[in-house]
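Fold and geometry: a report
Here is what each chain is made of, one letter per residue.
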Amino acid sequence: MSRNKSFTVMNPKCNFWLCIVVLGLLTIPVFAEFIMKSLDIVFFVCLIIFVYIPGLMIAFGSRMYRVKVNDTKISVRKKWGLVNFSLDISDITAVKWIEADTTFGQNDNIKIFTSQKKHFKIETVMINSDKFIELMNQYVEESKITKIHKSMVKHNNGDMS
């Protein structure tokens, strides 16, 4: 490769803030009921355990997910930063590429498998996913890529095909 290609693929910041805002908006009526003493403490604890904690885990997990590319070296951080690994682009053994047509447009979900028995995902909604797709098309053999096309658009007769 003649020029240095260095970029980071990650989820947009707006996904994180959207989760935080939704959780915050859910908090307002719950705390109002709690303050007025009309909310049962058991319900309040269950709400925290089953809604707020998983919601925060999803928000921070999506914010922590990152794929850094420096020439042909790829480093991946996922699972809230607890799973980190690096590989060369030649270590990619298989790619499952799902192209989904939705009412909002095409969304590609790319799952990359490595020789280290690890995998990671790239979606077209991520920042710099187009650069990663270009890199894959340039360096990964076509025989390793399995493309699947799905249509999620409802047609006039109600079928999804």
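Above this text sits the structure in question.
Below or above, wherever it landed, is the structure these notes cover. Remember, it's a predicted structure, so these values are computed and weren't measured experimentally.

1. Concerning the sheet that holds strand 3 (residues 73-78)
The 4 strands lie next to each other as 1-2-3-4, forming an open sheet whose pairing is antiparallel. Looking at which strands have only one partner, the edges of the open sheet turn out to be strand 1 (6-10) and strand 4 (83-88). Going from strand to strand, the sheet's axes swing by 15° on average, the running direction of each strand aside. Pairing analysis gives 5 bridges linking strand 2 (residues 66-70) to strand 3, with the strands arranged antiparallel. Following the sheet pairing, Asn70 is matched in strand 3 by Lys73. On the sheet, helix 3 (residues 129-139) packs against strand 1, strand 2 and strand 3 and is oriented at approximately 120° with respect to strand 1.

2. Focus: the environment of Thr102
Assignment of secondary structure puts Thr102 in strand 5 (residues 92-102). A relative accessible area of 28% means that Thr102 is categorised as partly exposed. Linking Thr102 and Val153, residues 51 residues apart in sequence, is a C-alpha distance of 5.2 Å. Setting aside chain neighbours within four positions, we find Thr102 in contact with Met152 and Val153.

Rules used throughout
- Residues numbered from 1 in each chain as written.
- Predicted model: local features only at pLDDT ≥ 70, side-chain atom pairs only at ≥ 80, totals over all residues.
- Heavy atoms only, no water.
- Pairing = 2+ DSSP bridges.
- Helix = DSSP H or I, 4+ residues; strand = E, 2+ residues; numbered from the N terminus.
- Axes fitted to C-alpha atoms, helices over the stretch in contact; angles between N-to-C directions.
- Contact = heavy atoms within 4.5 Å.
- Buried < 20%, exposed > 50% of the residue type's maximum accessible area, 1.4 Å probe, protein only.

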